[in-house]
Every structure is written in structure tokens, then in C-alpha cells.
Amino acid sequence: MQDNQTLQSIRYQRGLLSILDQLQLPDESVYIPIHSVDDAWKAIHTMSIRGAPAIAVCGVLSLAVELHHSRSKLESIAAVQHFVTDQLNYLSTARPTAVNMAEAAATIIDYLIPLSDKQVDLSLYIDDLLDFMEKFLEHDLADNRSIGRYGAETIRNNNPSPQQLTVLTHCNTGSLATVGFGTALGVVRQLAANNDLKLVYFTETRPYNQGSRLTAYELVHDRIPHSMICDSMAGLLMRTQPIHAVVVGADCVTANGDTANKIGTYQLAILAKYHHIPFYIAAPTTSIDLTKKTGAEIVIEQRPSREMTTIKGINIAAEGVQVWNPAFDVTPAALITSIITEHGVFKPDELEEKLLSLQKKVST
Ligand SMILES: CSC[C@H]1O[C@H](OP(=O)(O)O)[C@H](O)[C@@H]1O
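No experiment lies behind these values; they were computed from the predicted model shown.

Student: How should I be thinking about the UniProt feature "site: Transition state stabilizer" (unreviewed entry) in the chain in this particular structure?
Tutor: According to UniProt, the "site: Transition state stabilizer" (unreviewed entry) feature falls on Cys171. Relative to the helices and strands, cysteine 171 resides in the loop between strand E4 (165–169) and helix H6 (184–193). Given a relative accessible area of 6%, cysteine 171 falls into the buried group. Those residues in contact with cysteine 171, other than ones at most four positions away along the chain, are Arg50, Thr203, Thr205, Gln210, Gly211, Thr215 and Lys262.

Structure representation (C-alpha cells):
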């Protein structure tokens with residue numbers, strides 16, 4: 001079952017899917033129905049739902065809903081395989097940087113053919129496929145809980161003094177970016193649950209304001225001690241306040257540990273290095289793409305200028321102003337202390353080897 005102790009970005013039962021419209025947060029908490037892959041593609045592209053893991057689960061479940069209601073139109077297993085493959089490939093085009101949707105698509109496509117060797121009855125084949133797709137929901141929540149435990153333990157062990165810890169995070173990586181609990185914000189939640197958290201600073205994260213609109217919403221909801229800062233305040237914060245760790249999420253981690261994350265992450269990593277503060281990436285392995293060798297291969301999404309020049313439709317910049325609006329940047333592995341995953345905490349230069357050996361164990 002989904003974790004109802006925190007906020008639900010996605011609500012699902014077989015044949016029915018709705019998402020919390022994050023464009024209306026924090027003022028309005030409105031769930032919008034997702035009836036099809038097209039609905040999901042639009043919701044992901046316009047960022048009604050965002051966050052690498054949430055994007056993937058929303059996409060997969062939108063396909064499950066459409067497949068469930070299209071049974072009468074799909075007359076063979078081959079027709080189901082073509083339909084599912086085409087829809088997954090389409091979903092992967094909604095946003096180019098986060099890798100989770102493409103990873104989920106590849107996982108499901110790899111499942112289709114062997115499944116037809118096991119299940120020749122069309123209706124039972126569809127049922128089995130729906131069961132497989134629905135597992136993405138529970139797996140994400142389990143992954144986040146594990147990331148939270150590993151991350152809280154690592155940050156605590158890195159600071160043996162009995163004092164409670166102060167950390168900095170960026171963007172939104174909580175229940176609104178995942179199925180529940182979160183990745184980097186899940187580490188913060190676990191630190192708080194362990195009574196190890198004194199304070200979490202978080203950036204407002206211009207221009208979409210994932211911090212001020214979403215992370216603030218989650219931390220106030222959970223009553224976790226916090227303080228919001230403008231993105232431009234991070235340097236002075238690290239210079240003047242006792243920050244024990246910076247922990248952020250990821251949209252794509254490559255084989256060498258380079259990491260694409262929300263714009264502004266790279267400069268936080270440089271500041272952390274300068275101030276000798278450990279810098280952690282918290283991400284499920286569904287955000288890791290070992291086929292990309294370095295961050296140079298990651299496509300950085302450019303977002304519309306209006307997302308920088310307006311807030312809730314109100315102009316905050318001169319009419320006609322020209323802008324540059326990359327939604328992500330890449331932090332080199334050399335600036336990353338460790339990558340916290342559901343399988344453990346890895347140094348960037350050991351990540352590929354560790355994950356490949358884990359995959360080998362699972363496949364044998
Ligand atoms: C666990 S969410 C990962 C990642 O997604 C966010 O980007 P966006 O809000 O544009 O989807 C941000 O980069 C988070 O760190």
C-alpha cells in the first residue's frame with residue numbers, strides 16, 4: 001500500500017489513476033484524472049507531475065489504465081506487445097533528462113516477450129502485464145525507505161559527535177517527486193525520525209520553485225524543523241553555519257558517477273567542496289543509466305522562458321527579455337562524496353562495478 005503518512009503524488013487502483021496537480025501547489029491541493037498515456041504525457045511535459053521517479057510511475061500506470069480499458073480492442077498478444085512498446089517509447093519523450101521513464105520502458109519491454117512464452121491466453125497475458133506494471137508503485141516506495149535508512153546512517157556515522165545534524169538540500173525530492181517518502185528528502189525524513197536532525201535548510205529553487213512550493217509544503221506538513229533560503233544564499237550559509245552535509249536527488253547518474261540534477265546543483269557541489277562539506281546524491285538505481293559513460297552524454301532539458309519570467313501568470317521580468325532556462329546541470333563525480341541508493345552507499349568510482357555485480361547476482 002502507498003505510504004499515507006506523507007503526501008500522495010499519485011493515486012491508483014486498477015483502471016483508475018489520478019495525480020496531485022503540482023502546478024496548483026501550495027495553494028490548491030487538486031487531484032486530476034489520468035485516463036490515458038496522452039494525458040500522462042501532457043501532465044509530465046507541463047510538470048503537473050515532476051520528479052524522476054514520479055514521472056516513471058505516472059507514465060507506467062497511465063499505460064496500465066489505458067491497457068485495462070483497451071482489452072476489447074487488442075485482439076492478440078502481438079497487438080498488445082506493439083501497443084505497449086509504442087506507448088512506452090512515446091512516454092519516454094515527455095522530458096529528456098530524467099532517465100527513470102526510459103529505464104521503466106526498457107524493463108517492461110524486456111518483460112513482454114518472455115511473458116508470451118509463459119502465458120498464451122490473451123486475457124491472462126494482459127492481467128500478468130498489469131500486475132508487473134503495478135509493482136513499480138510499491139518498488140519505488142520500498143526503494144525510498146531503503147535510501148532513507150542508508151543515507152541517514154551514512155550522514156550520522158560521518159559525524160560521530162552526539163550533536164544533532166544540520167543539512168542542506170535542493171529542489172524537491174520528497175513524496176511529491178516520488179511515490180512516497182522521497183529520495184534526498186527521504187534521507188532528511190529518516191534523520192528526523194532517528195532524532196538526528198537539528199535543521200534542514202532548503203533552497204527555493206528558481207525558476208519552477210520546487211523548494212518554496214513543494215519542499216516547504218512537505219516539511220510543514222511533516223513538522224520537520226527547516227529553514228528556506230534563496231538559491232543565492234547557499235554560499236554564505238555554508239561559510240557561516242555548521243552544515244554537516246548537502247544531500248540532493250538525481251535525474252540521471254552515469255556510469256562514472258556524473259549526475260544530472262536540478263539546475264543549481266553543480267554550484268552547490270562546488271561550494272560544498274570549497275567548504276569541506278560532504279556532498280551526497282540520493283537516488284534509486286532506476287535513476288542510474290550505466291549505458292551513459294559520462295555526464296557529457298546527458299541531454300539537458302531547456303524549459304520555456306515564461307517559467308522564468310512569470311510567477312502564476314504575473315510578469316516578474318521586462319516584456320521581451322531574452323532568457324536561458326536549462327532545467328538541469330551536471331555535477332562531476334569528483335565533486336560527489338557518495339551516491340546513496342536502495343542497495344547501499346557507493347563512491348562514484350565504484351558505482352558501475354558494484355551495480356553490475358548486483359545485477360549479476362540477481363540474474364543468476
Ligand atoms: C527524486 S526527484 C529527482 C529530481 O527531479 C527534479 O526535477 P524536476 O522537478 O524538474 O522534475 C529534481 O531535479 C530532483 O532532484
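And the narrative resumes.
Student: What exactly am I supposed to notice about the state of the cysteines here?
Tutor: What makes a disulfide is a covalent bond joining the sulfur atoms belonging to two cysteines. The full count for this structure, using the stated rule, is zero disulfides. Free of any disulfide, cysteine 58 has its nearest neighbouring cysteine sulfur in cysteine 171, separated by 17 Å. Classification of cysteine 58 by relative accessible area gives buried; the value is 0%. Free cysteine: cysteine 230, not disulfide-bonded; nearest cysteine sulfur from cysteine 171 at 15 Å.

Student: Would you mind showing me how to read the site of the ligand here?
Tutor: Neighbouring residues of the ligand: 18 residues in total, closest Gly51, Arg95, Asp251, Asn261 and Lys262. Between the ligand and arginine 50, the relevant distance is 2.9 Å, taken from an oxygen atom to a side-chain nitrogen or oxygen of the residue. Here an oxygen atom of the ligand and a side-chain polar atom of glutamine 210 are 2.9 Å apart. Considered on its own, the ligand offers 400 Å² of accessible surface; in the complex 99% of this is hidden by protein. Of all elements in the fold, only helix H2 (52–69) and strand E9 (259–262) reach the threshold of two or more residues within the shell around the ligand. Taken together, the residues of the shell around the ligand break down into seven nonpolar, seven polar and four charged. Counting only domains with at least three residues in the shell around the ligand, you end up with domain 1 (4–141) and domain 2 (149–363).

Each value, and the rule that gives it
Residues numbered from 1 in each chain as written. Predicted model: local features only at pLDDT ≥ 70, side-chain atom pairs only at ≥ 80, totals over all residues. Heavy atoms only, no water. UniProt positions renumbered as here; feature names shortened; annotations may be inferred. Helix = DSSP H or I, 4+ residues; strand = E, 2+ residues; numbered from the N terminus. Buried < 20%, exposed > 50% of the residue type's maximum accessible area, 1.4 Å probe, protein only. Contact = heavy atoms within 4.5 Å. Disulfide = S-S within 2.5 Å. Near = heavy atom within 4 Å. Polar contact = N/O pair within 3.5 Å; in protein donor to acceptor, adjacent residues only side chain to side chain. Areas by Shrake-Rupley, 256 points an atom, 1.4 Å probe, with all protein chains shown as cover. Nonpolar A, V, L, I, M, F, W, Y, C, P; charged D, E, K, R; others polar. Domains from an automatic or database assignment.

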